[in-house]
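# Fold and geometry: a report
Read off the chains here:
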Amino acid sequence: MSELTVAEATDRIYESLKADNADIDVHIATLKAALTRAGLKEAVFDPARLVQNNRSGRKLLQAYFRQRGVAVKFSAS
């Protein structure tokens, strides 16, 4: 498996979310590794690209990622 950048890993998560969370755990692990390589502490997502762009959807995504060791923030749209 080639090492992805944080942006590439984030794009794969967006694709996974649109595909009904297909392989989401694999993509989260890839994102976590990419963040570690880049020396970053948290992933930043664009709320406009999320399938459920409401408060409960964002909080659910944050909680799910936090359980897997990835802190999530949302960019200001």
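In what follows, the accompanying structure is described.

The rules behind the values
Residues numbered from 1 in each chain as written. Predicted model: local features only at pLDDT ≥ 70, side-chain atom pairs only at ≥ 80, totals over all residues. Heavy atoms only, no water. Helix = DSSP H or I, 4+ residues; strand = E, 2+ residues; numbered from the N terminus. Buried < 20%, exposed > 50% of the residue type's maximum accessible area, 1.4 Å probe, protein only. Contact = heavy atoms within 4.5 Å. Phe/Tyr/Trp six-rings, centres within 6.5 Å; stacked < 30°, edge-to-face > 60°. Lys NZ or Arg CZ within 6 Å of the ring centre and 35° of its normal.

Let us look at unusual backbone geometry. Unusually for a residue other than glycine, aspartate 20 sits at a positive phi of about 60 degrees. Position of aspartate 20 among the secondary structure elements: in the loop between helix 1 (6–18) and helix 2 (24–38). Its identity as a non-glycine residue notwithstanding, aspartate 23 has a phi of 55 degrees, on the positive side. Inspection of the secondary structure puts aspartate 23 in the loop between helix 1 and helix 2. Among the residues examined, aspartate 23 registers a relative accessible area of 54% and is labelled exposed.

With that settled, the discussion passes to the environment of isoleucine 28. Take isoleucine 28: it is sitting in helix 2. Accessibility expressed as a relative area gives 2% for isoleucine 28, which makes it buried. Spatially, the C-alpha atoms of isoleucine 28 and proline 47 are 17 Å apart, while their sequence positions differ by 19 residues. Filtering out sequence-adjacent residues up to four positions away, isoleucine 28 remains in contact with Ile13, Tyr64, Phe65, Arg68 and Val70.

Now for the packing of aromatic side chains. Across all of its chains, the model carries 2 aromatic pairs by this definition. Pairing tyrosine 14 with phenylalanine 45 gives two aromatic rings, centres 5.6 Å apart and planes at 90 degrees, and the pair type is edge-to-face. Of this pair, tyrosine 14 sits in helix 1 while phenylalanine 45 sits in strand 1 (residues 42–45); the two residues are 31 residues apart in sequence, bridging distant segments of the chain. Take tyrosine 14 and phenylalanine 45: they sit in the same class, and that class is buried. Chaining the aromatic ring pairs together yields one cluster made of Tyr14, Phe45 and Phe65. Its end group placed over the ring of tyrosine 64, arginine 68 keeps NZ or CZ at 3.6 Å from the ring centre.

Scope: geometric values only; no functional claims are made or implied.
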